Every structure is written in structure tokens, then in C-alpha cells.
Number of protein chains: 2
Amino acid sequence: MKPVKIGILGLGTVGGGTVNVLKRNAKEIARRAGREIIVTRALARNLDRERICDTDGIALTADPFDIINDPEIEVVLELIGGETLAKDLVLQAIEKGKHVVTANKALIALHGNEIFRKASEKGVMVLFEAAVAGGIPIIKAIREGLSGNQIEWLAGIINGTGNFILTEMRDKGRDFGDVLAEAQALGYAEANPIFDVEGIDAAHKLTILASIAFGIPLQFDKIFTEGISKITREDVEYAEQLGYRIKHLGIARKTEKGIELRVHPTLIPERRLIANVDGVMNAVLVKGDAVGPTLYYGAGAGAEATASAVVADVVDVVRALTSDPENRVPHLAFQPEAIVDIPVLSDEDFRTAYYLRLTVEDKPGVLADITHILADHNISIEAMIQKEPHEGEAVLPIIMLTQLTLEKEMNAAISEIEALSTVTGKVCRIRLESLK
Amino acid sequence: MKPVKIGILGLGTVGGGTVNVLKRNAKEIARRAGREIIVTRALARNLDRERICDTDGIALTADPFDIINDPEIEVVLELIGGETLAKDLVLQAIEKGKHVVTANKALIALHGNEIFRKASEKGVMVLFEAAVAGGIPIIKAIREGLSGNQIEWLAGIINGTGNFILTEMRDKGRDFGDVLAEAQALGYAEANPIFDVEGIDAAHKLTILASIAFGIPLQFDKIFTEGISKITREDVEYAEQLGYRIKHLGIARKTEKGIELRVHPTLIPERRLIANVDGVMNAVLVKGDAVGPTLYYGAGAGAEATASAVVADVVDVVRALTSDPENRVPHLAFQPEAIVDIPVLSDEDFRTAYYLRLTVEDKPGVLADITHILADHNISIEAMIQKEPHEGEAVLPIIMLTQLTLEKEMNAAISEIEALSTVTGKVCRIRLESLK
């Protein structure tokens, strides 16, 4: 059979990695796909730049329409990133009847609903495995591998930079700012690290995971997001003393009242497998009602790990092309007419446990005042560490773990505790999930 | 659209679990598949037996041909297990143009080549996700999710009973026989535990994983298999002292000379995620050249976990039925004409590191003799523990870890060491893999 011709928009890290993987593994890939796959054209902003890939046989162009209008190209890979231009080009490629593979999480999280509608109209496939957790086939696992389950919840380490920072803080007792500077120097974190450390990147990915897990629309604007920049090395140490690790998790959970969608630092028991996912690695824990807990682990970023997911999507397209021009698997796992708009809960309605760190005066009755406030809000204490004050200091830290409670009760309790004259400064709170 | 009617052969643990999942999650599943899925007939040897599932609306029969010959049934689930009858019925169902979903690892490992040929002739799908690692979608991950990679190796904990035994031996310092008896009492291990503890069950599963990873034929007879029955609690303890855990792994690795296919107890560094997979849980670590290491974890057995994989396969069939009567994804990941017969290495050609435990007389020069023999066979020592002899005993244990070596060199060295007059009894050897 004739080779399948593909065009690539964007020849940076992911685009270059994709060309390398397609060339190096061409034989193996053709054995799986049933047809040879060749890149005939690629968009590159600067045609003279040095690249990580060999571009022999690929016509480079600065005009995306050389690719989108090429009648021989059947699949377009959108690997330029960003939202505005990417969205425009993806919609135009679909309009021209091209199948699209993208690695762009922001694009799918923010504009997926519109893109999928257009793709359905035109009868083309749009695949986006690389948009979440890099090389881990997590979208396929949820959309297809767990399709017999009602997904109860999922929790993922889906930003490698954040996980690298938290791992270094724990392993080496370093401070947040110090490790962030190193991550930037190593190229893990962007010069503007806000997308990584404030959880926006993770929220993009969680938007997609929640949609395919529960059959709800993509709704990035409803995700509660809290970053890791306020985590201190003391918190990391106290958590460790209590048998927990702090991870920056994206959590989606279906409750009777609605769906919790939240990204925040989380204490998790150190014996959980996901607590041991370190450095830049990603992992997603998915709990189905039939299968129980399952975990998917691997590299969440990097040229070739991301390319692995892009190429897998291309192979899926090619396997379907031979006999199935419509997309066999619905974009969001559920049939478009079966997508339902289950309410997304406000953070006030979250049910979770908490780690609390307070600084209090070394006086009798302080602890009684605090526990009294918690009891008034039906908050039970699970464990507590009370430290001796440092030499010559009149204040001391108290660390508490609570049982499950409603976030609004905790908000109220914290306001009252902070108003006590014996409590200094703000209460540090980190949510805690047992992930059982 | 009309519901898809399915028939089930076998209404035991997995069959009953599948009915329960299909009924309980009917709405969720139809939302994903695009059609309702209903079980209309089921084969049960004893029609009066009490069952774990509600059989309302299902016509029970003792005659499999009531199912196979029913023109309304589009998909047949083979969940009776065993080889002879199962093979016969699967081939007849295919002959009648039914799509088949099976959870039967022995059937696929031993007769898959024949079954898939027949399925291709008849243009029907045969899916078998549940045959390996229960609810973990590992077949889909390798066949589709990693299709851009050259798989370098994979290593899996793919027998829950064996992992439960090794976990108990480590956690509680118990003996093999003692834990096995408990596993049998708990229903984890069969009354005849040989399939589990001698690695035959794992070898069936490894046969399938190796085939889809490398595009080679199914060849169960070429798997090297060693069980866990000779592992002592002392070995488990010594391994722990050296920073390792002992796991019963199925390993498939592509080398320049051919493919290693082996099931045996293996020391692995305790910091590896897979070293922390405990109890009856399964996990498979897959190393692709582009993606790097990825891990897939979950329940490897149990009624509903296995049903999760069976139902996912049914959904795959139904999603394809609407537009794609041929199997879009090749059975063994690679196109049938692309399957190549790469040689499978004999165990003499394995390259691995070793844990060795020897019992020696407490005399000068003994260690020198042993290290001399190892050096003669180009075997380097990585670490060693020499214990004091027990009070009143003239012999003492020596534990060594070696670097990578060829198995034939190790076989020769062990023969020579066992021939030393100062060495008592057999040398205990367990292979060691760094899984990097």
C-alpha cells in the first residue's frame, strides 16, 4: 500500500523528536501500522535554524498553508503550541479534511469542544494523547482500557517540573526558590515558571482527564488551582515525620453532589506507589469501580517521550484509515450526544483531610482554644506534633492532621483560629488524600 | 441504534463478574460504546448453581451451540478457561462469524497463532486484554499506546499469588510453605499451585507480551521458567540487607543476538517503583526506545478487575462494529505479514547479574578459591556479605552480588565452586536485574 504522507506544524523540541522517532523506527512502525509513514512537509518559522532532527526528504516551509493545502497530506501534526495560531491552523486543517494529531494541552483544554464539533462535521480524527503526561498512554487507558468502569476518581502527578522541585526539597532539604532556579537552569522550567509551579499546566491536563473519565464537557475555567510556591521545606519535613509525602496533584472525583476538579499540593501516605514517583516523572492513579486502583507511570515531557505519544496517535489514524474513516473511539471517550453536564463543585464543597501548621504562643490553654474551634466545626484531629519552642523564642509550631471534612468548615475554623490572639500569622494548610 | 447482543461461555468468577459490571454500568458503557450492550445467553454447566451475578433476562443453557448458532449474537465471550473445549468453541464461534473476547491466557499463548489466522480469514475480531495482568490495559498500552517505539525490554509481576507469597515472606519473615498454605486457604492459589508458583501462568502471559512487544510469533515452549518454591526467607532477608527485593518477574528483552524470554525470581533495587508493588497486585514495566521506562499497575485477578478488561474489549468491538468490521488493530500489534521469527535465546546466552548464596567451611583460603573461580569466568563481584558461623557450627553463609555476566559462565563457575571440598551443598543463585 502507498505510504501515508504527513505534515508537521512546528519543528522545535516535540516536532524534531517526532521526526527522529518516525525516521529511526520507520520499519517497526510500518510493521505495526500496515503502511509506511513519511513526513513530506514541515513548518518552521526560521528555515535556517539548527535542528535536533535530520530534515532530509522533508520540504521545509514558513507558510502553514503549504501543508494544509497539500492534497497528498492526510495527517497534520500540530506541534507549535500556544493557543491562537494553533487553534486557527487546526480548524483550517480539519476544514480541508485532514486528520489532526496534537500535543497541545492548552488548545484541547480551552478549545477542544469547538475543535471536536468541527472534526465530527468533517468526519476526521483529532487525537491528542501527547497532551497529557507525555509518553504515558493515559488517554487511551481511560478512553478505551477502562471503558467498562465508572471512574470514581483520578489523581495525577502531571507536571514534571513541580514534581522535580518537591522531590529535591524532600531529598536534599532545599528551599523552593533555590530548586526552582536550578530547574530553570536545567531547562525543566520555563523562564516564566508560573504555568508549572502555579498549577496552570496541570489544570489544562486535568481538564482533559476529567472530561474523558466522566463524560463531561471540557471546562478549564472551573478547575480550582493552587500552586506549590508556598510549600516550605519544614512542611515537607513534618509531612515526612508523619509518614506522608507532599505531591502536587491534579484530582478529579465524582461525588453525589457533583464533580471535584482541583489542583493543589497534597499530602499522601508514603506507602502509596504514587508517593514514590520522583523527579520529573509523571504518574496518574485512576480508580474504577470494577478494576479498582490502577496506575500509569512514565516520562511526562521531553522530545522523544512526547513524540512516542504523537507517533502512537499517527499509527492509530493510519490503522483506521484503511477501513474506518470515521473516528472509532469518541474524542472524549463518550459519544458526543452522551456528554452530560454534571455540576462541578465549588471548593467550599470539597471533602478532604488537612495538614495544618500553626505558630502559637507558648502559653497554657492555647491548644484547648484551637481544638475547641475545630470541634465546633465537626473537624476531628487524626495526629498532632507539638514542637518545643526554639531557644529564646516565645512561639512554637503545632502540626495537625485532620480527618475528612468539608472545605467550608475548614475555612471557617481557620478564620477563627487566625483571630485568636495566641496564634501568630497565617495557618498553613495543605490538603491530604489517602488515595485508597 | 439496536442493542448489541452478546453471549457468554462460562458463568463462573469472571463470567459472573462480567455480567455484574455490564449490568451495573450499563448506562455508562452505552454512553461510551454508542450502543447498548446486553447479554442474551450464557453457558453454564450446572444450571441450578448459585451465582455471583443476577441472571435476569439471560437465557441459561448447558449447550454452547445455543450461543454459537444464535444469529442475533454478534460477540461471544469465552470465559470457561482451560484449553481443549475453549479452543474448540472459539474456533467454531469464529467460523460462525462471531467476534470473540477471551480472558484465557493459556488459550492465546498456546493456540493464538491458529486462532488469529482463522479470525483473519473470517474477518472477525478476537480480543484478549483480560488474558494478561487482569484489569490493567497492558495489551492496549503496548499494542497501541507505545506503537511508535522499539520495545527494548519489559519486566512484569504478572502472577498475583506468587507476589503475595514473596510479599508475606518479606514483610513477616515467614517461610514459603507456610504462606502458600495461607494463600490456598484465602483462595488466591489453586489447590494445585504449580501454575502459580512454578511460573507457568506467568510464562503464558509473557508469551503474549513478548509477541506484541516485538512482533514475533507466540511461542510458549521457548520460555525459560523457574519458580519461587526454592526461595528461602534468608534469601529475602539478605536481599533486603543489600538494598534489593526479590520479585518473580517475567522478562522479555531484545538483544543483538535474539530475544531473552524468561520467568524467574529476580533481585531488583528497592528504589524501583516496581519493587514496591506488593501483595496480589500486578505491574508491568515496559522500556521503549523513545518513551523510556513506563509502568502499568493494578489488580491482576479477581472477578471485577478481570471483567473490566473483558468489557473494555467488548466496547472496542462495538465501537468498531459501527464502521469497521475488520480488526483495526492487528492481533499481535504488528500486521500478520510483518511478524518475524527473531531467534529466542537459550538460557545459556542470558546476560544478567546474580545473587549467590554459598555455605562454606570456616577455613582460611576458602574465599580466595571461590573468587578465583569467578575471576576465571570473567565474573566480577559487586558486593558481598560474610556472616559469622552460628555458635558451635563449622560452616557459614557467604552472599555475593555479581556484575552482568553470561549465564553459561555462571553455570560453569557454579559447577566448579560446588566441587570445592570446602563448599557445602548447592549454591543458591537468583538472577538480579537493575531495570534501568
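Quick caveat, the model's predicted, so the values are computed rather than measured.

## Focus on the side chain of A:Thr352
Step number 1: Note that A:Thr352 resides in strand E13 (residues 351–361).
Step number 2: The residues contacting A:Thr352, other than those within four sequence positions of it, are A:Arg262, A:Gln403, A:Leu404, A:Thr405, A:Glu407, A:Arg431, A:Leu432 and A:Glu433.

## Side note on the domain arrangement of chain A
Step number 1: By the assigned domains, chain A splits into domain 1 (4–135 + 303–338), domain 2 (138–299) and domain 3 (350–432).
Step number 2: The distance between the C-alpha centroids of domain 1 of chain A and domain 3 of chain A comes to 51 Å.

## Some remarks on the sheet that holds strand E6 (residues 126–127) of chain A
All names here are of chain A.
Step number 1: Overall, parallel pairing links the 6 strands, which are arranged E3-E2-E1-E4-E5-E6 in an open sheet. Since the sheet does not close on itself, it has two edges, and those belong to strand E3 (59–61) and E6, each with one partner.
Step number 2: In this structure, strand E5 (residues 99–102) lies alongside E6, joined through 2 bridges in parallel fashion. Considered in E6, the bridge of valine 101 is made with leucine 127.
Step number 3: Strand contacts of helix H12 (residues 303–321): strand E1 (4–9), strand E2 (37–43), strand E4 (75–78), E5 and E6, with the helix running at about 160 degrees to E5, the strand carrying the most contacts.

## A look at the interface of chain B and chain A
Step number 1: Taken residue by residue, the interface counts 63 residues in chain B and 63 residues in chain A.
Step number 2: Together, the buried faces of chain B and chain A total about 5300 Å²; carbon and sulfur atoms form 48% of this surface.
Step number 3: Our count for the contact surface shared by chain B and chain A stands at 6 salt bridges.
Step number 4: Between A:Asp289 and B:Arg24 there is a salt bridge whose closest N-O contact spans 3.0 Å.
Step number 5: Put simply, chain B and chain A have 30 residue pairs in polar contact (both at pLDDT 80 or more) between them.
Step number 6: Contributions of two or more residues to the side of chain B that touches chain A are made by helix H1 (13–24), helix H2 (26–33), helix H6 (138–145), helix H10 (200–214), strand E12 (292–299) and helix H12 (303–321) of chain B.

## Quick word on the UniProt feature "domain: ACT" (unreviewed entry) in chain A
Step number 1: Within this numbering scheme, the UniProt entry marks residues 355–431 of chain A as carrying the feature "domain: ACT" (unreviewed entry).
Step number 2: In residues 355–431 of chain A, the share of helix is 31% and the share of strand is 42%. The end C-alpha atoms are 6 Å apart.

## What to know about helix H4 (residues 84–95) of chain B
Residues and elements named next belong to chain B.
Step number 1: With 12 residues, H4 should reach 16 Å at 1.5 Å per residue; the first-to-last C-alpha distance of 17 Å fits that figure.
Step number 2: The set of residues buried in H4 consists of Ala86, Leu89, Val90, Leu91, Ala93 and Ile94.
Step number 3: Phi turns positive, to about 80 degrees, at glycine 97, one or two residues after H4.

## Section: unusual backbone geometry
Backbone geometry follows two general trends: most residues other than glycine have a negative phi, and most peptide bonds adopt the trans configuration.
Step number 1: Of note, A:Asn378 is a non-glycine position whose phi angle comes to about 60 degrees, a positive value.
Step number 2: Mapped onto the secondary structure, A:Asn378 falls in the loop between helix H13 (366–376) and strand E14 (381–386).

## Some thoughts on the relation of the copies chain B and chain A
Step number 1: Mapping chain B onto chain A is achieved by rotating through 180 degrees and translating by 0.0 Å along the same axis, at an RMSD of 0.0 Å. Such a combination of rotation and displacement between the chain copies is what one expects of a two-fold axis. Ranked by how close their C-alpha atoms come to the rotation axis, the residues of chain B are headed by B:Tyr296, at 2.4 Å.
Step number 2: Comparing interface residues between copies, 100% of those in chain B also lie at the interface in chain A; the contact surface is shared.

## So, the pattern of salt bridges
Step number 1: Enumeration over the complete set of coordinates arrives at 74 salt bridges over all chains.
Step number 2: A salt bridge links B:Asp349 to B:Lys257; its shortest N-O distance comes to 3.7 Å. Within this pair, whereas B:Asp349 is found in the loop between H12 and strand E13 (351–361), its partner B:Lys257 is found in the loop between strand E9 (244–254) and strand E10 (259–269), the two being separated by 92 residues in sequence.
Step number 3: A residue is classified by how much of its surface remains accessible, and B:Lys257, at 54% relative accessible area, is exposed.
Step number 4: The salt bridge partner of B:Arg262 is B:Glu260, with a shortest N-O separation of 2.7 Å. Assigned by exposure class, B:Arg262 and B:Glu260 land together as buried.
Step number 5: A cluster of three or more residues bridged by salt bridges with shared partners is formed by A:Lys140, A:Glu144, A:Asp316, B:Lys140, B:Glu144 and B:Asp316.

## Here we look at the pairing of strand E17 (residues 423–432) of chain A
Residues and elements named next belong to chain A.
Step number 1: Direction of pairing for strand E10 (residues 259–269) relative to E17: parallel, over a ladder of 2 bridges. Each residue of the ladder has a partner; that of leucine 267, found in E17, is leucine 432.
Step number 2: Both E13 and E17 contribute to a ladder of 7 bridges, which runs antiparallel. Its bridge partner lying in E17, arginine 357 is registered against cysteine 428.

## Description of the sheet that holds strand E2 (residues 37–43) of chain B
Residues and elements named next belong to chain B.
Step number 1: Read across the sheet, 6 strands follow the order E3-E2-E1-E4-E5-E6 without closing on themselves; strand pairing throughout is parallel. Either end of the sheet is taken by a strand with one partner, and the two such strands are strand E3 (59–61) and strand E6 (126–127).
Step number 2: Contacting strand E1 (4–9), E2, strand E4 (75–78), strand E5 (99–102) and E6, H12 runs over the sheet at an angle of about 160 degrees to E5.

Reading the values: rules and limits
Residues numbered from 1 in each chain as written. Chains lettered and ligands numbered in written order. Predicted model: local features only at pLDDT ≥ 70, side-chain atom pairs only at ≥ 80, totals over all residues. Heavy atoms only, no water. Helix = DSSP H or I, 4+ residues; strand = E, 2+ residues; numbered from the N terminus. Contact = heavy atoms within 4.5 Å. Domains from an automatic or database assignment. Pairing = 2+ DSSP bridges. Axes fitted to C-alpha atoms, helices over the stretch in contact; angles between N-to-C directions. Buried area = accessible area lost by both parts, 1.4 Å probe. Salt bridge = Lys/Arg side-chain N within 4 Å of Asp/Glu carboxyl O. Polar contact = N/O pair within 3.5 Å; in protein donor to acceptor, adjacent residues only side chain to side chain. UniProt positions renumbered as here; feature names shortened; annotations may be inferred. Expected span 1.5 Å × (residues − 1). Buried < 20%, exposed > 50% of the residue type's maximum accessible area, 1.4 Å probe, protein only. Least-squares fit on C-alpha atoms with pLDDT ≥ 70 in both.

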